[in-house]
Amino acid sequence: MHLAPSKDSYCGSDRPDPSPECRAASVPIPWFRPEVGYREKEFVLEVLESQYLNDGEVTARFEQTLADFLGVRYCVAVTSGTAALTLALMALGIGRGDEVIVPDFTFIATANAVRLAGADVKLVDIEPKRFTLDAEKVRESIGIRTKAIVAVDVNGRSASYGDLESIAAEKGIYLVCDAAEALGSRYGDRCLGTFGHAGCFSFSANKTLTTGQGGLITTSDIDTYHRLLELKDQGRRTRGTGGDDLHPAMGYNFKFTNLQAALGLAQFERLSERLQHAGRRDEWYLRKLGHHPRFLLPSRNNRTGEITQWTDLLADDRSAVETALRNAGIGYRCFWHPLHRQRPYAADDADFSHTIEISRKGLWLPSSFSLTEEQVGRIVEALQGVTAHA
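This one's a predicted model, so the numbers in the text were calculated from it and none came from an experiment.

*Asks:* Just to check I follow, could you spell out the sheet that holds strand E11 (residues 312-315) for this structure?
*Replies:* The strands making up a sheet are joined through hydrogen bonds of the backbone, oriented either antiparallel or parallel. Strand order across the open sheet formed by four strands is E10-E11-E13-E12, with antiparallel pairing between neighbours. Across the chains shown, the open sheet's two edge strands, defined by having one partner strand only, are strand E10 (295-296) and strand E12 (333-334). By the bridge criterion, three bridges tie E11 to strand E13 (residues 362-364) in an arrangement that is antiparallel. Directly across from Leu-314, in E13, lies its bridge partner Gly-362. Together, E11 and E13 form the strand contacts of helix H12 (residues 353-361), whose direction differs from that of E13 by roughly 50 degrees.

What follows is the structure in structure tokens.
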């Protein structure tokens, strides 16, 4: 006689008929994954049927949709977040011989964009609570060649824009905002990515809104906007024929296609829902794990409308956390290495104590749009097992 396993049965592969609870406990939980469905297919099919796949009217509609949402005058869509940062710097006249301040704690694309624009990177340490640029260290690091600051809104947390905008104005340099992970997150009454002289977003696969690859530059300055149009399309401000067009300025090819824009417009329909889910997700983690003595869930400013892209965790023994999550079939992503420990930007450890400490301890927990409270409970159970055997 076959007996159905009880709720507390062993969840192993040798059981012929595991309970629903066991089956759920054996399903891997991904760190993050994009979600693309019927609406994306519908929008892309319309572009395919139009026979115009390049940067055109659908791209213009996507740019205007984001401009309206963010509250800026102009948005320019380009091929990637890296391209967005590069063109923003170039549009502001940053290039060879100039120096740009970049936080030591960021994805390497931030620094690579500066190099691509032709300028040199000056790394600066972060403050340890929000993982963003230390404004006082920025002030101390400005030299005669410094022409810009790139502030990074790490995981949707606002940089210290009150201080950084004052420093930029005082020193007569530009402020560019890397808001790659901050679409929909706010500081006060403004969206992140709208501070400074230009803001930049990424639409890569692990973002709240994805077009596969892609990026966006925001500005409210018409001269910067015109230069961005030239830089992204072979020196033209308006779409040409590809034949006897005039190219009055130097430019390149960083165009964003109608196919990508169609994906983006379909994704935008669910942006509000996804942002709300991110808030609930962080609350689940906080409620179940927030008072744990061995872990720290870095705070976000709920009063200003800050929304994190992913839920982050700091742990003194991160390797034990990684092992526990892997053994439980739970995905995660470790924090970036400090940039000064990457070969292209190698520098001495002495000036980057906060970045070193945060990088060593941090990882991002599962944060998919479909993540459930029950799954968070399973994740927390795996984490609590770390301390039980520590």
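*Asks:* How should I be thinking about the confidence of the model for the protein in this particular structure?
*Replies:* Reading fine detail from the predicted coordinates is not recommended where pLDDT is low. Within the protein, residue pLDDT values average 92, and 92% of them lie at 70 or more. A low-confidence stretch, residues 1-18 stays under pLDDT 50, and its non-local contacts, those more than four residues away or across chains, total 15 contacts.

*Asks:* Help me understand the side chain of Asp-55, please; the structure alone is not making it clear to me.
*Replies:* Note on placement: Asp-55 falls in the loop between helix H2 (38-50) and helix H3 (57-70). Given the relative accessible area of 14%, Asp-55 is considered buried. Within the structure, the side chain of Asp-55 is placed 2.7 Å from the side chain of Lys-232, a separation counted as a polar contact. A polar side-chain atom of Asp-55 sits 3.2 Å from the main-chain amide nitrogen of Phe-256. Setting aside residues no more than four positions away along its own chain, Asp-55 makes contact with Lys-232, Arg-239, Lys-255, Phe-256, Thr-257 and Asn-258.

*Asks:* What am I meant to see in the packing of aromatic side chains here?
*Replies:* Two aromatic rings, taken as a pair, are described by how far apart their centres are and by the angle between their planes. Inspection of every chain in the model, using the stated rule, returns 17 aromatic pairs. Measuring from centroid to centroid gives 4.2 Å for Tyr-74 and Tyr-225, while their planes differ by 10 degrees, and the two rings are stacked. One end of the pair, Tyr-74, is in strand E1 (residues 74-78); the other, Tyr-225, is in helix H8 (residues 222-232), with 151 residues separating them in the sequence. On the accessibility criterion, Tyr-74 (14% relative accessible area) is buried. Among the aromatic residues, those joined into a cluster by ring pairs are Trp-31, Phe-32, Phe-105, Phe-131, Trp-310, Phe-335, Trp-336, Trp-364 and Phe-369.

Scoring rules and cut-offs
Residues numbered from 1 in each chain as written. Predicted model: local features only at pLDDT ≥ 70, side-chain atom pairs only at ≥ 80, totals over all residues. Heavy atoms only, no water. Pairing = 2+ DSSP bridges. Helix = DSSP H or I, 4+ residues; strand = E, 2+ residues; numbered from the N terminus. Contact = heavy atoms within 4.5 Å. Axes fitted to C-alpha atoms, helices over the stretch in contact; angles between N-to-C directions. pLDDT = per-residue confidence, 0-100. Buried < 20%, exposed > 50% of the residue type's maximum accessible area, 1.4 Å probe, protein only. Polar contact = N/O pair within 3.5 Å; in protein donor to acceptor, adjacent residues only side chain to side chain. Phe/Tyr/Trp six-rings, centres within 6.5 Å; stacked < 30°, edge-to-face > 60°.

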